[in-house]
Amino acid sequence: MALATGKQILDEAKKKGYGVGAYNVNNMEQIQAIMAAAKETQSPVIIQASRGALKYSNFTYLGYLMKAAVIENPDIPVAMHLDHGNSLETVIKAIDLGFSSVMIDGSLTEDGKTASTYDYNVKVTRSVVEYAHSKGVSVEAEIGTLGGLEDGVGSGKIHLTDPKEAKKFVDETSVDSLAIAIGTSHGAYKFKGAANLAFNVLKEIRALIDIPIVLHGASSVPKELIDEVNKYGGKMPGATGVPIESLQKAIKLGVSKINVDTDGRLAITSAIRKVFIETPEKFDPRDYLGPARTALASLIASKMKAFGTSGHAKDYAPQSLGDMKKLYATK
Ligand code: G3H
Ligand code: 13P
Ligand code: ZN
């Protein structure tokens, strides 16, 4: 088993009650680190590329690197996922590249910054579902908005998901999984005081909808990593994230996909800063990207263990995109 759809991985996780991390990637070392962690812990995994990441790599380069992860790891179920797709056009490009799972984020307009209307969200999501399902590819959508303007994704205003609207949205769009807003935000500065998630909203949503639930902005921003970044010349005062215990509670209450980008960035940055400060004579990229890759692999392995993903790689029976196409056609 190698390439899996998001639906296949998340339906299984929902059934068994564990969470699957979806880790953002931009380059080869990140992809290798995530796959090393998945192999070590025998976990199914979702590797995801944002629209910005795909653009940075001229689309094809990152797509081929992600495919290499699939080819090199035949025993690990891997979904290649588009994160925060903004339009049908972007989704088509990702599917052409071989992605098995896409997100259409219609909670924002096409610019990726401004909050959209419910009707717009339904319309764009439906168009993506129709296209993606005809190719066997599964679709994640989002309702409600997260905070965090600094990464160019959030709307700047948190608007928690309305459970009844979520139910109506799922019925009207036939999406495979739904990202909800319960107080998380993207980036390294999530809370002013203690972390505070609306678990009551999550419970209500879980009671009303029957598809896997996704949590964006789910990095923990570990203090040790922030301290390390700052120790080696970084400046990230006041950075905070979602504690692992809160994520474990969210998984128990029905979250199946946990999106992590920021923590990976922190692990890489702290490792690279350390090399630069401690051995300023080094200038071979392998001397700092290698330790960054090792640090990231260990961080991701610990998340896989904490989310309960470990050991579940073997549970998946091979299912091709053709099989998924047939499944959607008979729906
Ligand atoms: O949700 C956003 C991810 O952290 C991706 O960020 O658009 O800077 O690649 P990016
Ligand atoms: P973090 O910024 O918390 O890592 O969230 C990433 C994310 O939601 C990617 O879609
Ligand atoms: Zn996100």
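Definitions and cut-offs
- Residues numbered from 1 in each chain as written.
- Chains lettered and ligands numbered in written order.
- Predicted model: local features only at pLDDT ≥ 70, side-chain atom pairs only at ≥ 80, totals over all residues.
- Heavy atoms only, no water.
- Helix = DSSP H or I, 4+ residues; strand = E, 2+ residues; numbered from the N terminus.
- Rg over C-alpha atoms; globule rule 2.2 N^0.38 Å.
- Buried < 20%, exposed > 50% of the residue type's maximum accessible area, 1.4 Å probe, protein only.
- Salt bridge = Lys/Arg side-chain N within 4 Å of Asp/Glu carboxyl O.
- Near = heavy atom within 4 Å.
- Polar contact = N/O pair within 3.5 Å; in protein donor to acceptor, adjacent residues only side chain to side chain.
- Nonpolar A, V, L, I, M, F, W, Y, C, P; charged D, E, K, R; others polar.
- Contact = heavy atoms within 4.5 Å.
- Pairing = 2+ DSSP bridges.
- Axes fitted to C-alpha atoms, helices over the stretch in contact; angles between N-to-C directions.
- pLDDT = per-residue confidence, 0-100.
- Left-handed = near helix turned anticlockwise from the far one by under 90°.

Asker: Help me understand the overall build of the protein chain in this model?
Answerer: Counting secondary structure elements, the protein chain contains 13 helices and eight strands. For the protein chain, whose C-alpha radius of gyration is 19 Å, the value lies close to the compact-globule estimate of 20 Å for 331 residues. Along the first, second and third principal axes, the C-alpha atoms of the protein chain reach 60 × 45 × 35 Å. The buried share among the 331 residues of the protein chain stands at 57%.

Asker: Quick question: what am I supposed to make of the pattern of salt bridges here?
Answerer: Between side chains of opposite charge, pairing is possible as soon as their charged atoms come close. This structure, assessed with the given rule, holds 15 salt bridges. K14 is the salt-bridge partner of D210, the closest N and O atoms lying 3.1 Å from each other. One end of the pair, D210, is in the loop between helix 8 (199–208) and strand 7 (213–215); the other, K14, is in helix 1 (residues 6–16), with 196 residues separating them in the sequence. Relative accessible area serves as the criterion here: at 62%, D210 is assigned to the exposed category. E140 serves as the salt-bridge partner of K257, at 2.7 Å between the closest nitrogen and oxygen. Taken together, the residues K257 in strand 8 (residues 255–260) and E140 in strand 5 (residues 138–143) connect sequence positions 117 residues apart. The pair K257 / E140 is uniform in exposure class, with both members buried. Salt bridges here are not isolated pairs; linked through shared partners, they connect E12, K15, K16, K314 and D315.

Asker: Got a minute to help me understand unusual backbone geometry in this structure?
Answerer: Outside of glycine, negative phi angles account for most residues, and trans bonds account for most peptide bonds. Although it is not a glycine, N58 sits at a positive phi angle of roughly 60°. Summarising the element assignment, N58 is placed in the loop between helix 3 (51–56) and helix 4 (60–72). Residue N58 is classed as exposed on the basis of its relative accessible area of 56%. One non-glycine residue, H84, lies in the positive phi region at around 55°. Following the sequence through the fold, H84 ends up in strand 3 (residues 78–85). You can call H84 buried: its relative accessible area is 9%.

Asker: Would you mind going over the site of ligand 2 with me for this structure?
Answerer: The local shell around ligand 2 holds 15 residues, among which D83, K190, S219, D261 and T262 are the closest. Take K190: an N or O atom from its side chain is 2.5 Å from an oxygen atom of ligand 2. Where the shell around ligand 2 is concerned, the elements lending two or more residues are strand 3 and strand 8. When its residues are assigned to classes, the shell around ligand 2 shows two nonpolar, 10 polar and three charged.

Asker: Teacher, can you tell me more about the environment of A301 here?
Answerer: Secondary-structure assignment places A301 in helix 12 (residues 285–306). C-alpha of A301 to C-alpha of A239: the two residues are 62 residues apart in sequence and 23 Å apart in space. If we ignore the near neighbours within four places in the chain, the residues touching A301 are A37, E40 and T41.

Asker: How should I be thinking about the sheet that holds strand 8 in this particular structure?
Answerer: By definition, the strands of a sheet pair up through backbone hydrogen bonds, in either a parallel or an antiparallel sense. A barrel is described by the order of its strands in space; here eight strands give the closed sequence 1-2-3-4-5-6-7-8, paired in parallel fashion. Averaged over all neighbouring strand pairs, the angle between strand axes comes to 25°, with direction disregarded. Looking at chain direction, strand 1 (residues 20–24) and strand 2 (residues 45–50) are connected through three bridges and run parallel. Each bridged residue has a counterpart across the sheet, and for Y23 the counterpart in strand 2 is I47. Against the sheet, helix 2 (residues 28–41) makes contact with strand 1, strand 2 and strand 3, and its axis sits at roughly 165° relative to strand 2, the strand it touches most. Contacts between helix 8 and the sheet are confined to strand 6 (177–180), strand 7 and strand 8, with strand 7 contributing the most and set at about 155° to the helix.

Asker: Just checking my understanding: could you explain the environment of F191 for this structure?
Answerer: For F191, the location among the structural elements is in the loop between strand 6 and helix 8. On the accessibility criterion, F191 (11% relative accessible area) is buried. On a C-alpha basis, the gap between F191 and G241 in space is 7.0 Å, while along the polypeptide they are 50 residues apart. For F191, the contacting residues outside a window of four places in its chain are G183, N196, L197, T240, G241 and V242.

Asker: Is there a simple way to think about the confidence of the model for the protein chain in this case?
Answerer: Close reading of the predicted structure is inappropriate where its pLDDT is low. A residue-level look at the protein chain finds 95% of positions with pLDDT of 70 or above and a mean pLDDT of 94. Ignoring residues within four places in sequence, the model shows residues 148–156, a span with pLDDT below 50, making 30 contacts including any to other chains.

Asker: Looking at this structure, I do not really get the packing of helix 9 (residues 223–231) against helix 11 (residues 262–278). What am I missing?
Answerer: Each pair of packed helices gets described by two things: the angle between the helix axes and the distance between those axes. Two elements in contact, helix 9 and helix 11, have axes separated by 9 Å at closest approach and are oriented at 35°. Note on packing geometry: the crossing formed by helix 9 with helix 11 is left-handed. Together, L225, I226, E228 and V229 of helix 9 and D263, L266, A267, S270, R273 and K274 of helix 11 make up the contact between the two elements. Across the contact of helix 9 with helix 11, the residue classes tally to five nonpolar, one polar and four charged.

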